[in-house]
Amino acid sequence: MTRSRTRVKGTLLLGDDHGSIALAGVIIRRGGLVAFPTETVYGLGASAVNPVAVRQIFAAKGRPSDNPLIVHIAELAQLDEVACSVPDNAYRLIDLFWPGPLSLVLQRRTGVIPPEVSAGLKTVAVRMPDHRAALDLIRSANVPIAAPSANRSGRPSPTAYWHVLEDLTGKIDAVLKSSTCSIGLESTVLDLTGLHPVILRPGGVSREELEKALGCPVLLAGQYKASTAPASPGMKYRHYSPRAPLILIAGPQSRRRLLIEAIAENSRRRGLMVGLLSSAIDGALPDHLSPEEIAAHLYGVLRQMDQRGVNLILAEETESKGLGLAVMNRLRKAAARVLKV
Ligand code: TXA
Ligand code: MG
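What you see is a predicted model; the values in this text were computed from it and never measured.

What counts and what doesn't
Residue positions are given per chain, counting from 1 as you read along its sequence in written order. Following the order in which they are written, the chains are lettered starting with A and the ligands numbered starting with 1. Per-residue local features of the predicted model are confined to residues with pLDDT of at least 70, and side-chain atom pairs are confined, for both listing and counting, to 80 or more; whole-chain, interface and lining totals are unaffected and use all residues. Only hydrogens and water are removed before side-chain values are computed, so all heavy atoms of the structure are retained for them. Strands are runs of DSSP state E lasting at least 2 residues, helices are runs of H or I lasting at least 4, and numbering of each runs from the N terminus. Buried residues are those whose accessible area, probed at 1.4 Å on protein chains only, stays under 20% of the maximum for their type, while exposed residues exceed 50% and partly exposed ones sit between those limits. What makes two residues a contact is simply this: any of their non-hydrogen atoms within 4.5 Å. Counted as a polar contact is a pair of N or O atoms within 3.5 Å, where, for protein atoms, one must be capable of donating a hydrogen and the other of accepting one, and residues adjacent in sequence contribute only when both atoms are in side chains. A pair of strands is treated as paired once DSSP finds two or more bridges between them. Angles shown run from 0 to 180 degrees and are taken between the N-to-C directions of axes, each axis being a line fitted to C-alpha atoms and, for helices, limited to the stretch in contact. Note on convention: the crossing is left-handed when the near helix lies turned anticlockwise from the far helix by less than a right angle, right-handed when the turn is clockwise. Here the nonpolar group is Ala, Val, Leu, Ile, Met, Phe, Trp, Tyr, Cys and Pro; Asp, Glu, Lys and Arg are the charged ones; every other residue, Gly included, is treated as polar. Any pair of Phe, Tyr and Trp rings, taking the six-membered ring for Trp, is counted once the centres come within 6.5 Å. Such a pair is stacked with planes under 30 degrees apart, edge-to-face with planes over 60 apart, and tilted for the rest.

J.: Is there a simple way to explain the environment of Ser-187 in this structure?
T.: Structurally, Ser-187 can be placed in the loop between β10 (174–176) and β11 (188–191). Judged by relative accessible area, which is 2%, Ser-187 ranks as buried. Expressed as a C-alpha distance, the spacing of Ser-187 and Gly-203, which sit 16 residues apart in the sequence, is 4.6 Å. In contact with Ser-187, other than residues within four places in its own chain, are Thr-40, Ile-70, Pro-101, Leu-102, Ser-103, Arg-127, Arg-201, Pro-202, Gly-203, Gly-204 and Arg-330. In terms of polar contacts, Ser-187 uses its side chain to reach the side chain of Ser-103, at 2.8 Å.

J.: What's the story with the pairing of strand β15 (residues 274–277) in this structure? I'm lost.
T.: Two faces belong to every sheet, and in a regular strand the side chains alternate between them. The side-chain alternation of β15 yields two buried faces, one formed by Val-274 and Leu-276 and the other by Gly-275 and Leu-277. As judged from the four bridges shared by β15 and strand β16 (residues 312–316), these two strands associate in the parallel manner. If you follow Gly-275 over to β16, its bridge partner there is Ile-313.

J.: Can you walk me through the side chain of Ser-47 in this structure?
T.: As for its placement among the helices and strands, Ser-47 is situated in strand β4 (residues 43–47). Overall, the relative accessible area of 3% leaves Ser-47 in the buried class. With residues up to four places along the chain from it excluded, the contact list for Ser-47 reads Ile-28, Val-54, Val-143 and Pro-144.

J.: Which parts of the structure should I look at to understand the packing of helix α9 (residues 291–307) against helix α10 (residues 324–334)?
T.: Relative placement of two packed helices is described by the angle separating their axes and the distance separating the axes. Close contact between α9 and α10 brings their axes to 9 Å; oriented N to C, the two are set at 35°. For the pair α9 and α10, the crossing hand works out as left-handed. Contacts between α9 and α10 involve Pro-291, Ile-294, Ala-295, Leu-298 and Tyr-299 on the former and, on the latter, Gly-324, Val-327, Arg-330 and Leu-331. When its residues are assigned to classes, the contact of α9 with α10 shows seven nonpolar, one polar and one charged.

J.: Honestly, the packing of aromatic side chains in this entry has me stumped. Any pointers?
T.: Here a ring pair, both rings aromatic, is described through the centre-centre distance and the interplanar angle of the planes. Summed over the entire model, instances satisfying the criterion amount to one aromatic pair. Geometrically, the ring pair formed by Tyr-161 and Trp-162 is edge-to-face, given 5.4 Å between the ring centres and 80° between the ring planes.

J.: Help me out: how do you make sense of helix α2 (residues 51–61) in this one?
T.: Since there are 3.6 residues in each turn of an α-helix, residues three or four apart along the chain are aligned in direction. Of the residues making up α2, those classed as buried are Ala-53, Val-54, Ile-57, Phe-58, Ala-60 and Lys-61. Looking at the packing, one finds that the buried side of α2 touches β4, β9 (145–147) and α6 (161–168). The backbone nitrogen of Val-52 lies 3.0 Å from a side-chain oxygen of the residue at the head of α2, namely Asn-50. Gly-62 sits one or two residues past α2 and shows a positive phi near 65°.

Structure (structure tokens):
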């Protein structure tokens, strides 16, 4: 546990001890903004029942106002405050995956959760994070907490408290300093309001796990006609982007590695600093990394490459299975170009 308190440009840096979390809870309850750790990425929290505080989240992040937020709860009893008409399949998933990296899109409880949280949609995304400090914060604030990832909009999500400080120092009231996030990619956003369950954003719980739990196919947004399910507004933005252009190279392993080596060589000859998200040659990643290992380091490595002034990032495709689907989703969104060999 970290117990420390300092202030940088008006932002209070708190530890994750009991006293600090109690103070952070008071800040949230009074309408302030607190960044806090979860098992996926750091979130930027405000009281989900306070529309003024929720609007401040959008301002601090520079987030488009049509992109809804996820509401975080600590007890199953809070689900009823946030959502209504919760279907049976939601409870099956809650049983298996909460607390955990699964956000369920359900009917929003209007009159309690203001439209600002959901960018005016009739639905609301809800999750129970699997992180002691996050759960303690929600309990201490005694309100559900609306929280997007705690980065400036468009930047890679923060997986360490110093990433939050890089983006939001001076713009938010407090940051809860804790360990780095164990999963490193955001939660799966699953829409349960339509005829079929639809993954709006792949994440910490895999499509395979969801299909096994529900005993039915789970669709992926983008693989069906737009009219059959509501879209996740956030997915239309280019996201998760480092400052340097990222080229994603897809195709059979041996061929994509040859291409990476050729582009890297050529770019270096032209004086460019190249960052490799690849296990080819001297890439940043060792060979045979699991999707879990890639996920845990991806955003941090992208931020490091920016800090080192890398001019071009070459990233290698990974298998779209399990957590690999989320890894590939983020790489595609970060990519300026995709090259297929
Ligand atoms: O792991 C996570 O989900 C992290 C941590 C902090 O919990 N949060 C996170 O929030 O990634 P954010 O705001 O960066 O991404 C939320 C995603 C966006 O793509 C948004 O469009 C979608 O969830 N979303 C939220 N509410 C929705 C709704 N009612 N209907 C459809 N999509 C929704
Ligand atoms: Mg985000």
